[in-house]
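Chains, contacts and geometry: an overview
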Amino acid sequence: MATAEVELDIFSGRPNPTWSLTDSQTASLLEMVDGLPRTESDAHSGKLGYRGMIVRLRGARAGEIGVTAGVVALDSVRHADSDRHVERWLLETGRSLLDPSIYEIVEAEI
C-alpha cells in the first residue's frame, strides 16, 4: 500500500504547506492518474505564487507526482488533466488544514 504527502507549491522563502493523504485517498489519486490520457505537454511555470502541487508517494509505489496547469506527471510520464480535476481534488483534501486565504487564492487560480 502507498501513502502520500501533498505539498502546495506556493511560497518562496518559507516552507510550503503540506498534508498527508489517507491510504484510500492515495489509492483514489493513483486510480485517477492512471485513468488520464498521456500528453506531450509540459506545464512547468517559473512564476511566483501558486505553481502547482507535488505529491510524494511512499511505500509500494514510491515516487513523485507533479500536478500543475492541467498536466499530471508521474514516473516521467505526463498525463493531460484539462479540467484540472486531480488538482481540484487534491486541493480539497487539504482544505481543513490550509489557511482559508491560501485556499481561496489557489482555488481562484485553478
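Structure report, in brief. (Residues numbered from 1 in each chain as written. Predicted model: local features only at pLDDT ≥ 70, side-chain atom pairs only at ≥ 80, totals over all residues. Heavy atoms only, no water.)

1. A closer look at the packing of helix H1 (residues 23-34) against helix H2 (residues 85-93)
A packed helix pair is summarised by two numbers, namely the angle formed by the two axes and the spacing between the axes. Relative orientation of the contacting elements H1 and H2 amounts to 170 degrees, with a least axis distance of 11 Å. When the interaxial angle is binned, H1 and H2 end up roughly antiparallel. Every residue of H2 that contacts H1 at Gln25, Ser28, Leu29 and Met32 is listed here: His85, Val86, Trp89, Leu90 and Thr93. Each residue belonging to the contact of H1 with H2 can be placed in one class, and the counts come to 5 nonpolar, 4 polar and no charged. (Axes fitted to C-alpha atoms, helices over the stretch in contact; angles between N-to-C directions. Helix = DSSP H or I, 4+ residues; strand = E, 2+ residues; numbered from the N terminus. Parallel < 35°, antiparallel > 145°, perpendicular 65-115°, else oblique. Contact = heavy atoms within 4.5 Å. Nonpolar A, V, L, I, M, F, W, Y, C, P; charged D, E, K, R; others polar.)

2. Quick word on the sheet that holds strand S3 (residues 52-59)
Spatial strand order, S2-S1-S3-S4-S5-S6: 6 strands in an open sheet with antiparallel pairing. In this open sheet, the two edge strands, each paired with only one partner strand, are strand S2 (18-21) and strand S6 (77-80). For this sheet, the mean angle separating the axes of adjacent strands, direction not counted, is 20 degrees. Here strand S5 (residues 71-74) runs beside S6; their pairing, made up of 4 bridges, is antiparallel. In the strand pairing of S6, Leu74 is matched with Val77. This element, H2, spans strand S1 (2-9), S2, S3, strand S4 (63-68) and S5 of the sheet and lies at about 75 degrees to S3. (Pairing = 2+ DSSP bridges.)

3. Thoughts on the nonpolar core
In terms of nonpolar packing, the biggest core is built from 29 residues, with Leu8, Met53, Ile65 and Leu90 touching the most fellow members. Excluding its chain neighbours within four sequence positions, the residues that come into contact with Leu90 are Val6, Trp19, Leu21, Leu29, Met53, Val55 and Val67. (Core = buried A, V, L, I, M, F, W, Y, C linked by side-chain atoms within 4.5 Å. Buried < 20%, exposed > 50% of the residue type's maximum accessible area, 1.4 Å probe, protein only.)

4. Things to note about unusual backbone geometry
Phi at Asp75 is positive, roughly 50 degrees, even though this residue is not glycine. Mapped onto the elements of the fold, Asp75 is located in the loop between S5 and S6. Judged by relative accessible area, Asp75 falls into the partly exposed class, the value being 46%. With a phi close to 65 degrees, Ser76 is a non-glycine residue in the positive phi region. With respect to the helices, strands and loops of the structure, Ser76 is situated in the loop between S5 and S6. Judged by its relative accessible area of 75%, Ser76 falls in the exposed class.

5. Focus: helix H3 (residues 100-109)
Turning to H3, its buried residues are Ile102, Tyr103 and Val106. What you see down the axis of H3 is that its buried residues fit within an arc of 100 degrees, all on one side. With respect to the buried face of H3, the exposed residues turned more than 90 degrees away are Pro100, Glu104 and Ala108. In this fold, the buried residues of H3 make contact with S1 and H2. (Arc of directions from axis to C-beta.)

6. Notes on the pattern of salt bridges
For the structure shown, the criterion picks out 6 salt bridges. In this structure, Arg61 and Asp34 form a salt bridge, with 3.3 Å as the shortest nitrogen-oxygen distance. In this pair, Arg61 sits in the loop between S3 and S4 while Asp34 sits in helix H1, placing the two residues 27 residues apart along the sequence. Under the relative-accessibility criterion, Asp34 is labelled partly exposed at 48%. The partner of Glu92 in a salt bridge is Arg95, with the nearest N and O atoms 3.4 Å apart. You can call Arg95 partly exposed: its relative accessible area is 42%. Sharing partners across several salt bridges, the network here consists of Glu7, Arg56 and Glu64. (Salt bridge = Lys/Arg side-chain N within 4 Å of Asp/Glu carboxyl O.)

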